[in-house]
Amino acid sequence: MAGGVGAGGETAACEGEREPDPSDSLRTFGAVVQALREHAGLSRAQFGELVRFSKHTVESVELGRRMPDASFVERAEEALGNTGALRHSARFLTRGEAGLAAWFRQWAKLERVAESLCTYECRLVPGLLQSERYARAVFDNSIPPLSDEQLEAQVTARLARQLMLAERPNVTFHFIVEEHVFRRPLGGAEVMRGLLDHVLELTAPRNVTLQVMPLDAESHGCLDGPVQLLETPERRRLAYSEGQQNGRLISSPKEVSLLYQCYDTLRSQALNPKDSRGLLERLRGERDGHHGTRLVQVQLQRHPG
């Protein structure tokens, strides 16, 4: 814990630790602190004296702008009736992460400790497999447009997540992606050619498997949309489903079991890993061929005859 008690009796810890991107858990914790404080009939200044933090820090905590340290939680608990609510809820506090959607942060945290991770995607190449230029093309299509700073934060966060693939060689990563995703020229031919190289490289290690769901498949076990599945170190299975501007963490054993059944069915319907790599290599060759033809056409235009 940084800092100590100043001349005015205020603890310096967490006074300067403003969160750049508040998380939902911080906002919820702050709302609970505010409700308990107001129920006790205390102003922020009065409450600040009891917990030995400035009224400005109290305000920042209540608005979810600061991560409260242990001393704030303990003193707030004592000042507001010792119900145990603040101590208990403080255990679940997480910092906001720039570049990650608020609804995705909890899942991103679970990803980092998962024993296995399975992903089915029908819209885009999964974030864990995206090249930098492809990710930029994805975020360039955001509505409303992102600022340069926001776009850089998004790309940085996405590429940072990919480090898991190399840093966790004992974790199983499995992906099923629709063929049309690799055929859509998002960002242009050069971006897609680089993406295919990137995907082939990332899925080469033994712990990373990619299967492509072919366009001509007559059966499909996961028509309800993209899904992610993981198993925790405690062998608990969880799922995550994402839609327009929202995401849902699924913990119901019944629902998760059904989603695993859908994923397992889809796994049996998709191309096997070897054939999937072969398909991507052919697509890369097609793009190389198109690129070569285009270069010849440009040269002929510049030097006719």
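The paragraphs below set out a description of the structure included in this document. Just so we're clear, the structure is a prediction, and the values are computed from it rather than from any experiment.

**Observations concerning the overall build of the protein**
Within the protein, the regular secondary structure consists of 12 helices and six strands. Burial statistics for the protein: of 305 residues in total, 41% are counted as buried. Just so you have it, the protein exposes about 16700 Å², and 51% of that area is on carbon and sulfur atoms.

**Digging into helix H4 (residues 70-79)**
Taken as a whole, H4 has its buried residues at Ser71, Phe72, Val73, Arg75, Ala76 and Glu77. Turning to H4, the residues buried within the fold contact helix H1 (24-39), helix H2 (44-51), helix H3 (55-62) and helix H5 (85-90). Gly81 sits one or two positions beyond H4 and adopts a positive phi of about 105 degrees.

**Quick look at the sheet that holds strand S4 (residues 227-231)**
A sheet is described by the order of its strands in space; here six strands give the open sequence S3-S2-S1-S4-S5-S6, paired in mixed fashion. This sheet does not close on itself; its edge strands, each paired only once, are strand S3 (208-213) and strand S6 (246-250). Taken pair by pair, the neighbouring strands of this sheet meet at an average axis angle of 15 degrees, ignoring direction. For strand S1 (residues 116-121) and S4, the ladder comprises five bridges, and the chain directions are antiparallel. Pairing of Ser116 across the sheet is with Glu231, part of S4.

**A closer look at helix H8 (residues 148-167)**
For H8, spanning 20 residues, the distance from its first C-alpha to its last is 29 Å, which sits close to the expected 28 Å at 1.5 Å a residue. Restricting attention to buried positions, one finds in H8 the residues Leu151, Val155, Ala157, Arg158, Arg161, Gln162, Met164 and Leu165. Buried residues of H8, viewed axially, fall in a sector of 160 degrees; they line one side. Seen from the open side of H8, the exposed residues pointing more than 90 degrees away from its buried face are Asp148, Glu149, Ala166 and Glu167. Residues of H8 that are buried make contact with helix H6 (105-111), helix H7 (132-140), strand S2 (172-178), helix H10 (189-202) and S3.

Definitions and cut-offs
- Residues numbered from 1 in each chain as written.
- Predicted model: local features only at pLDDT ≥ 70, side-chain atom pairs only at ≥ 80, totals over all residues.
- Heavy atoms only, no water.
- Helix = DSSP H or I, 4+ residues; strand = E, 2+ residues; numbered from the N terminus.
- Buried < 20%, exposed > 50% of the residue type's maximum accessible area, 1.4 Å probe, protein only.
- Areas by Shrake-Rupley, 256 points an atom, 1.4 Å probe, with all protein chains shown as cover.
- Contact = heavy atoms within 4.5 Å.
- Pairing = 2+ DSSP bridges.
- Axes fitted to C-alpha atoms, helices over the stretch in contact; angles between N-to-C directions.
- Expected span 1.5 Å × (residues − 1).
- Arc of directions from axis to C-beta.

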